[in-house]
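Descriptive structure summary
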Amino acid sequence: MKNKVSPELEAQAMKIAKSRQKQGQTKEQTKLIAQGIEKGIAEYKKQQSKRMREIDKRKKQQTKKEYSQTPASEEGITEKHGATKIPWILLGLSWLGFISFIMFS
């Protein structure tokens, strides 16, 4: 099963092989060198894409870990409880003021 490479990659490999061609080297030898360069470039691209996938996986895991460990969600809960106490305190004070107004009027 032969790996399919893009025409651009073939052209690039042939260009490199021709630029490195030695005197007395046959066309067949140059083609073989170009094929070796193609394989090398294809392998390099595979390694780079694999490396990028690994980096992306690590980033996703790290963000999930950071998200699950953030104390911000706990702070939000305490702020919510503190915020719900204020209206009740104000309601109590207003009732005390109303009662004291009725009693002293």
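Residues numbered from 1 in each chain as written. Predicted model: local features only at pLDDT ≥ 70, side-chain atom pairs only at ≥ 80, totals over all residues. Heavy atoms only, no water.

Moving on: the packing of helix 1 (residues 7–19) against helix 2 (residues 27–69). Axes are the key here: two packed helices are described by the angle between their axes and the distance separating the axes. Running from N to C, helix 1 and helix 2 point in directions that differ by 125 degrees, and their axes come no closer than 8 Å. With respect to each other, helix 1 and helix 2 are oriented oblique. Crossing of helix 1 against helix 2: the hand is right-handed. Contacts between helix 1 and helix 2 involve L9, E10, Q12, A13, M14, I16, A17 and K18 from the former and T30, K31, I33, A34, I37, E38, I41, A42 and K45 from the latter. (Axes fitted to C-alpha atoms, helices over the stretch in contact; angles between N-to-C directions. Helix = DSSP H or I, 4+ residues; strand = E, 2+ residues; numbered from the N terminus. Parallel < 35°, antiparallel > 145°, perpendicular 65-115°, else oblique. Left-handed = near helix turned anticlockwise from the far one by under 90°. Contact = heavy atoms within 4.5 Å.)

You can see T30 is positioned in helix 2. Look at T30 and you get buried, because its relative accessible area is 4%. (Buried < 20%, exposed > 50% of the residue type's maximum accessible area, 1.4 Å probe, protein only.)

It is worth spelling out helix 2 at this point. Here helix 2 spans 63 Å end to end across 43 residues, near enough to the 63 Å set by a 1.5 Å rise per residue. Where helix 2 is concerned, the buried positions are T30, A34, E38 and I41. (Expected span 1.5 Å × (residues − 1).)

Time to look at helix 1. Between its terminal C-alpha atoms helix 1 stretches 18 Å, which fits the 18 Å expected from 13 residues at 1.5 Å a residue. Each element contacted by the buried residues of helix 1 is listed here: helix 2.

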